[in-house]
Each structure stands twice: as C-alpha cells, then as structure tokens.
Amino acid sequence: MNICHITVSGRLTGDAKLGKSESGSDFARFTIARNRKNRDGEEVAEFYSCVWFGKYATKAAEGLKKGAKAVVDGDFTVGTYDRDDSEMPGISLDVRVNSCDVPGMSRQAE
C-alpha cells in the first residue's frame with residue numbers, strides 16, 4: 001500500500017477562487033501559509049496550494065476568505081504547466097483536499 005497524506009494548519013493568503021474542471025466538476029482553489037522555525041530558529045513561511053473538488057466547493061468558497069484560519073487534510077497531486085522561460089514544463093505540487101475545518105464551517109469533500 002502507498003500512502004501520501006498531509007495535514008496543514010495555517011491562514012489563507014487570499015479568497016478561494018472557484019472553477020470548473022474539463023469534466024465539469026466544481027472546484028475551489030486556495031493557498032494556505034504556515035510559519036515554522038528553520039535550523040537557525042528563524043521563523044519562515046511555507047505556502048501550500050490547495051484544490052478542493054466536489055459539489056461542496058462552491059459553498060465552501062464562501063467561508064474560505066483571506067486571513068481565515070484553516071486546517072486542511074488531504075493528499076498531494078502533481079501537475080504540469082507551460083513555462084514562458086523554458087521549453088521544459090513546470091511542475092506543481094497541490095494538496096487535494098479531503099476535508100477542511102474553518103471556524104464556523106466543517107465539511108468533507110465529496
């Protein structure tokens with residue numbers, strides 16, 4: 001069995017953006033920032049790009065606003081995109097959300 005699991009707690013860097021996949025599924029895309037200490041004890045920020053698929057994505061986006069504290073649970077997905085500065089494709093690593101807890105809102109992905 002292969003396992004790829006992540007739980008991230010932090011704050012949203014902006015409002016969630018809604019979209020539709022090529023297959024017609026709704027999704028919400030947002031970024032969570034979390035602070036951690038590096039080896040020197042300095043605080044550094046890490047950013048996690050998240051995507052939440054399913055019919056709940058539209059409603060969830062209403063509560064996913066900039067600065068909101070959230071805990072996201074999911075797994076990683078790898079994607080590619082075209083880069084302007086190179087013929088090589090860029091690679092993105094996103095958190096595919098299975099569940100998200102925001103104060104006043106808690107739902108499972110569908």
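Residues numbered from 1 in each chain as written. Predicted model: local features only at pLDDT ≥ 70, side-chain atom pairs only at ≥ 80, totals over all residues. Heavy atoms only, no water.

Participant: What's the story with the environment of Val95 in this structure? I'm lost.
Facilitator: Mapped onto the fold, Val95 is located in strand β6 (residues 90-102). Among the residues examined, Val95 registers a relative accessible area of 2% and is labelled buried. In this structure, the C-alpha to C-alpha distance between Val95 and Arg29, residues 66 residues apart in sequence, is 9.8 Å. Those residues in contact with Val95 that lie beyond four places of it in its chain are Ile6, Tyr48, Ser49, Cys50, Val51, Val72, Gly74, Asp75 and Phe76. (Helix = DSSP H or I, 4+ residues; strand = E, 2+ residues; numbered from the N terminus. Buried < 20%, exposed > 50% of the residue type's maximum accessible area, 1.4 Å probe, protein only. Contact = heavy atoms within 4.5 Å.)

Participant: How should the pairing of strand β1 (residues 6-12) be read in this particular structure?
Facilitator: Each regular strand displays side chains that alternate between the two surfaces of the sheet. Of the pairings in the sheet, the one linking β1 to strand β5 (residues 69-81) comprises six bridges and is antiparallel in character. Bridge pairing links Val8 to Val72 in β5. As judged from the two bridges shared by β1 and strand β3 (residues 26-37), these two strands associate in the antiparallel manner. Looking at β3, one finds that Arg11 is bridged to Ala33. (Pairing = 2+ DSSP bridges.)

Participant: How should I be thinking about the environment of Lys55 in this particular structure?
Facilitator: By secondary structure assignment, the location of Lys55 is in the loop between β4 (43-53) and α1 (57-63). For Lys55, a relative accessible area of 64% gives the class exposed.

Participant: How should I be thinking about the packing of aromatic side chains in this particular structure?
Facilitator: Think of a pair of aromatic rings as described by two things: how far the centres are apart, and how the planes are tilted against each other in angle. According to the stated counting rule, one finds one aromatic pair in the structure shown. The interplanar angle of 50° and the centroid separation of 5.6 Å between the aromatic rings of Phe27 and Phe53 together place this pair among those described as tilted. Of this pair, Phe27 sits in strand β3 while Phe53 sits in strand β4; the two residues are 26 residues apart in sequence, bridging distant segments of the chain. (Phe/Tyr/Trp six-rings, centres within 6.5 Å; stacked < 30°, edge-to-face > 60°.)

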